[in-house]
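Residues per chain, in single letters:
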Amino acid sequence: MNNNKRFRILDLFCGAGGFSFGLDSLDQFETKIGLDFDENAIKTFQNMFPRAEGICGDITSNKLKNKIIKKTKKYDINMIVGGPPCQGFSLKGKNLGINDDRNFLFREYAYIVEKLRPEIFVIENVKNMISSGHGYFINEIKSLFKSMGYKVDYAILNARDFGVPQSRERTIIVGSRSKVIDLSKIKKYSEIVTVRDAISDLAYLLSGEGFDIDKYKTEAKTKYQKQMRADYLQYHKATNHTTETIKKLKMIPAEGDKSYLPKHLHGNQKFSTTWSRLIWDIPSPTIDTRFDTPSNGRNTHPVLNRAITPREAARIQSFPDCFIFQGNKSSVCKQIGNAVPPLLAKAIGTHILKYYYHE
C-alpha cells in the first residue's frame, strides 16, 4: 500500500465526493475511503475515485463502524472529513445540544474521530450551527473535541470567496492534534465568479431539451468555463416543465422574480425567492437538491423559460464537467445539492497545508 501522501482521508457522509474531489486536487491529499448510505452517491464516488474504497452503509451500525475502523488501519488514515447532518441544534435551549437524539449522526462522526485519533479532522455544516442555542452547540463541540486532545477552530465561510459562483455560507470546524489552524486567516480570492461566468456557454436548451450525454454546442466564453470543460457534457438536460409552468415563466422577464406574476399565481410557497430567475452578473444563491423546480426558489435560468439543468447546477457548485454522476435525474440533483463545493474544499486544504509546511 502506497501511503506517501501527507494526508490520507476517510470521508464520512461523502455523498458524490465534492469534499474529497477538492482536497484530492492538491498533491498532499488522497481520499482512501468514502462512506455514505446513498447507493447512487457511492456509485458516483467509486467511479470518480477509483483508487479509493466506496462503502455504502449505515454509520450507526456497529458492524459497519468496526469494518471502517479496521480498514482505516490498512490505509493508514490520518484525516477525517465530512458533514454529519444535525437536526437538533436549530432550536433554542441548552437541553438541545450534542445529546439531542436528532444529532445522533454527529455523535457517530465524533465517535469515529475518538476511536481513530486522526491528525486532523474537518466538519462542514450549515451556517446556523454556530449561532444556535446562543452558541451553546458549538461550545459543546469545542469541549468534546478538546477533551480528545484536539485544538479546534471554526468559522463561517462563504463559497463565493473561493472561486465558487455561488453564495453558500457554511460552518467549517477544523481540529488538529498539533496546532491551531486559524480559519480567520484563510486566503480569499480577489475575483468573484458569477452565474454568467459559470454557465453562459450552456444557455441554449429549452424545457424538455437535452440529453444524458451530449457534445458542446458553443465555445467556452470565460476563464471559468474553460477550466470546467471536459470531453463532453453529462446531464445538461432541462426539466420537461408543464404548459402551465412555462406560461408563468414567460411572464417573468430576464433576471426577474415572482413579483411579475399575478398574486393568484404565486402559489403556496412562503419564500420570496420562489419563481425567481438567477441573475447573470452575481453569484448564484445556495444550490439545494430541488434546483430543477422553478417553484422551489431562485433557480430558474436568467433568460430561458426553464429551471437550471443538473450540469449547470454542478458548474455553480464548482464541479468540473469531467465529474460524472451516477443514478437517475432526481438522485443526481440530490447529490449535487448536498455536496461540498470542490473549490471550497480545495481552499480549506490549501489553508491546512500552510500550517503543516510553512510554519
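Note that the coordinates shown come from a computational prediction; the quantities given were computed from them, not determined experimentally.

(A) Quick peek at the overall build of the protein chain. Per the secondary structure count, the protein chain includes 11 helices and 11 strands. Relative to a compact globule of 359 residues, whose C-alpha radius of gyration would be 21 Å, the protein chain shows 21 Å and is just as compact. Oriented by its inertia axes, the alpha-carbon framework of the protein chain measures out at about 60 × 50 × 40 Å. Partitioning the intrachain contacts of the protein chain with sequence separation of at least 6 by distance along the chain shows that 66% fall at a separation of at least 24.

(B) Structural context of helix H3 (residues 62–75). With 14 residues, H3 should reach 20 Å at 1.5 Å per residue; the first-to-last C-alpha distance of 20 Å fits that figure. Restricting attention to buried positions, one finds in H3 the residues Leu64, Lys65, Ile68, Ile69, Lys71, Thr72 and Tyr75. All buried residues of H3 fall inside an arc of 165° around its axis, so they share one side. Facing away from the buried side of H3, by more than 90 degrees, are the exposed residues Asn62, Lys63, Lys70 and Lys73.

(C) Fine view of unusual backbone geometry. Located in the positive-phi region is Asp76, a residue other than glycine, with phi close to 55°. Summarising the element assignment, Asp76 is placed in the loop between H3 and strand E4 (79–82). Backbone geometry places Ser318, a non-glycine residue, at a positive phi of 75°. Among the structural elements, Ser318 can be located in the loop between helix H9 (310–316) and helix H10 (329–338).

(D) Inspection of the packing of helix H4 (residues 104–116) against helix H5 (residues 136–147) at higher detail. The geometry of H4 relative to H5 is characterised by a closest axis approach of 11 Å and an angle of 20° between their N-to-C directions. On the basis of their axis angle, the class for H4 and H5 is roughly parallel. The two elements H4 and H5 meet at a crossing, and its hand is right-handed. Every residue of H5 that contacts H4 at Phe106, Tyr109, Ala110 and Val113 is listed here: Ile141, Leu144 and Phe145. For the contact of H4 with H5, the class distribution of residues is 7 nonpolar, no polar and no charged.

(E) A look at the packing of aromatic side chains. This model, assessed by the stated rule, comprises 12 aromatic pairs. Note on Phe45 and Phe49: the rings are 4.6 Å apart at their centroids and 25° apart in plane angle, and the pair reads as stacked. Each member of the pair, Phe45 as well as Phe49, carries the same accessibility label: buried. Over the face of the ring belonging to Phe7 we find Arg6, whose NZ or CZ atom lies 4.8 Å from the ring centre.

(F) Geometry of the pattern of salt bridges. Taken as a whole, this structure holds 18 salt bridges when the rule is applied. Linking Arg229 and Asp201 is a salt bridge whose minimum nitrogen-to-oxygen distance equals 2.9 Å. Placement of Arg229 in the loop between helix H7 (223–228) and strand E9 (233–237) and of Asp201 in the loop between helix H6 (195–199) and strand E8 (210–214) is noted, with a sequence separation of 28 residues between them. In this structure Arg229 comes out as partly exposed when scored by relative accessible area, which is 21%. Sharing partners across several salt bridges, the network here consists of Asp201, Arg229, Arg315 and Asp321.

(G) Expanded view of the environment of Lys217. Mapped onto the elements, Lys217 comes out in the loop between E8 and H7. Considering only alpha carbons, one finds Lys217 and Tyr204, 13 residues apart in sequence, at a separation of 8.5 Å.

(H) Highlighting the nonpolar core. Membership of the largest hydrophobic core comes to 60 residues, with the highest contact counts inside it found for Met79, Val122 and Ile352. By residue number, the principal contributor to this core is helix H11 (residues 342–357), which donates 9 residues. With residues near it in sequence (within four places) discarded, Met79 still touches Phe7, Arg8, Ile9, Leu10, Leu23, Phe29, Pro118, Ile120, Val122 and Ile352. If you look at the next biggest cluster of nonpolar residues, it comprises 33 residues, including Leu12, Ile55, Val113 and Val152.

(I) Structural view of the sheet that holds strand E1 (residues 7–12). Ordered in space as E3-E2-E1-E4-E5-E7-E6, the 7 strands form an open sheet in which the pairing is mixed. Every interior strand has two partners, whereas the edge strands, strand E3 (53–56) and strand E6 (151–158), have only one. Averaged over all adjacent pairs, the angle separating strand axes in this sheet is 20°, with direction ignored. Summarising the sheet, E4 and strand E5 (residues 120–126) pair through 4 bridges and their orientation is parallel. Bridge pairing links Gly82 to Ile123 in E5. Helix H2 (residues 39–48) rests against strand E2 (29–36) and E3 of the sheet, and its axis sits at about 175° to E3. In the packing of H11 onto the sheet, the strands contacted are E1, E2, E4, E5, E6 and strand E7 (169–176), and the crossing angle to E5 comes to about 150°.

(J) Looking closely at the layout of surface pockets. Space inside the largest pocket adds up to approximately 740 Å³. Those elements giving two or more residues to the lining of the largest pocket turn out to be helix H1 (18–24), E5 and H10. Sort the elements by how many residues they give to the lining of the largest pocket and H10 lands first, with 4 residues. Counted as a void, the second largest pocket has a volume near 470 Å³. When contributions to the lining of the second largest pocket are tallied by element, the ones reaching two or more residues are H1, H7 and H11. Grouping the amino acids of the lining of the second largest pocket by side-chain chemistry returns 9 nonpolar, 7 polar and 4 charged.

Calculation rules
- Residues numbered from 1 in each chain as written.
- Predicted model: local features only at pLDDT ≥ 70, side-chain atom pairs only at ≥ 80, totals over all residues.
- Heavy atoms only, no water.
- Helix = DSSP H or I, 4+ residues; strand = E, 2+ residues; numbered from the N terminus.
- Rg over C-alpha atoms; globule rule 2.2 N^0.38 Å.
- Contact = heavy atoms within 4.5 Å.
- Expected span 1.5 Å × (residues − 1).
- Buried < 20%, exposed > 50% of the residue type's maximum accessible area, 1.4 Å probe, protein only.
- Arc of directions from axis to C-beta.
- Axes fitted to C-alpha atoms, helices over the stretch in contact; angles between N-to-C directions.
- Parallel < 35°, antiparallel > 145°, perpendicular 65-115°, else oblique.
- Left-handed = near helix turned anticlockwise from the far one by under 90°.
- Nonpolar A, V, L, I, M, F, W, Y, C, P; charged D, E, K, R; others polar.
- Phe/Tyr/Trp six-rings, centres within 6.5 Å; stacked < 30°, edge-to-face > 60°.
- Lys NZ or Arg CZ within 6 Å of the ring centre and 35° of its normal.
- Salt bridge = Lys/Arg side-chain N within 4 Å of Asp/Glu carboxyl O.
- Core = buried A, V, L, I, M, F, W, Y, C linked by side-chain atoms within 4.5 Å.
- Pairing = 2+ DSSP bridges.
- 1 Å grid on protein atoms, 1.4 Å probe; cavity = no way out; pocket = protein on both sides within 12 Å on 5 of 7 lines; lining within 4 Å.
- Points joined across faces, edges and corners; volume = space filled by probe spheres on them.

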